[in-house]
Amino acid sequence: MMKLKILAIGILLGGCDTGHLGNPLMWPANAVENSAYSARRNKVKTYISANYSALILELKTASGPIFLETARLAGVPQNQVTKLYNDSRSDLKRLTLDTEQNIEKLTVTYMVYRG
């Protein structure tokens, strides 16, 4: 009888959608996915931070190895790299004197294009 109750609870929870929390049965999978995304995002942000000046120079002049490596780290598909470059160049006018804020903006831009 206990196994039947556990099975019934599992079936009932399987159809649940708790709004912004999602399906409780998917939480472990979502945690793994979120962890992988966070790790990739941190790599991209660290790389941008370490190469910020060179990346800005490349965006002002022409695409180069720093830009391409950042795109690779973010997982940007090859067919989206040119669009990312053009969008990143147009983002230059929105950058401020706050380097940390700029690094965050650039990180977000790269992560939006990831595959």
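Residues numbered from 1 in each chain as written. Predicted model: local features only at pLDDT ≥ 70, side-chain atom pairs only at ≥ 80, totals over all residues. Heavy atoms only, no water.

(A) Structural view of the overall build of the chain. When helices and strands are tallied, the chain shows six helices and zero strands. The order of α-helices and β-strands along the chain, N terminus first, is α-α-α-α-α-α. Counting every position in the chain, which comprises 115 residues, the buried fraction comes to 30%. Here the chain has roughly 7,700 Å² of accessible surface; of this, 63% comes from carbon and sulfur atoms. (Helix = DSSP H or I, 4+ residues; strand = E, 2+ residues; numbered from the N terminus. Buried < 20%, exposed > 50% of the residue type's maximum accessible area, 1.4 Å probe, protein only. Areas by Shrake-Rupley, 256 points an atom, 1.4 Å probe, with all protein chains shown as cover.)

(B) Examining the environment of Asn 42 more closely. The residue Asn 42 is located in helix α2 (residues 27-50) in this model. Between the alpha carbons of Asn 42 and Thr 107 there is a distance of 8.9 Å; along the sequence they are 65 residues apart.

(C) Representation of the side chain of Arg 41 in the model. Along the chain, Arg 41 falls in helix α2. When near neighbours in sequence (up to four residues on either side) are disregarded, Arg 41 contacts Glu 104, Thr 107, Val 108 and Met 111. (Contact = heavy atoms within 4.5 Å.)

(D) Region of the structure containing the packing of aromatic side chains. Summed over all chains, the structure comprises two aromatic pairs. Note on Phe 67 and Tyr 85: the rings are 5.1 Å apart at their centroids and 75° apart in plane angle, and the pair reads as edge-to-face. With Phe 67 in helix α4 (residues 65-74) and Tyr 85 in helix α5 (residues 81-91), this residue pair connects regions lying 18 residues apart in the sequence. As far as the burial class goes, Phe 67 and Tyr 85 line up, both buried. Here the aromatic rings of Phe 67 and Tyr 110 are separated by 5.9 Å at their centres, their planes lie at 55°, and the arrangement is tilted. One end of the pair, Phe 67, is in helix α4; the other, Tyr 110, is in helix α6 (residues 99-112), and 43 residues separate them in sequence. Its relative accessible area of 0% is what places Tyr 110 among the buried residues. Counting every residue linked through ring pairs, the aromatic cluster contains Phe 67, Tyr 85 and Tyr 110. (Phe/Tyr/Trp six-rings, centres within 6.5 Å; stacked < 30°, edge-to-face > 60°.)

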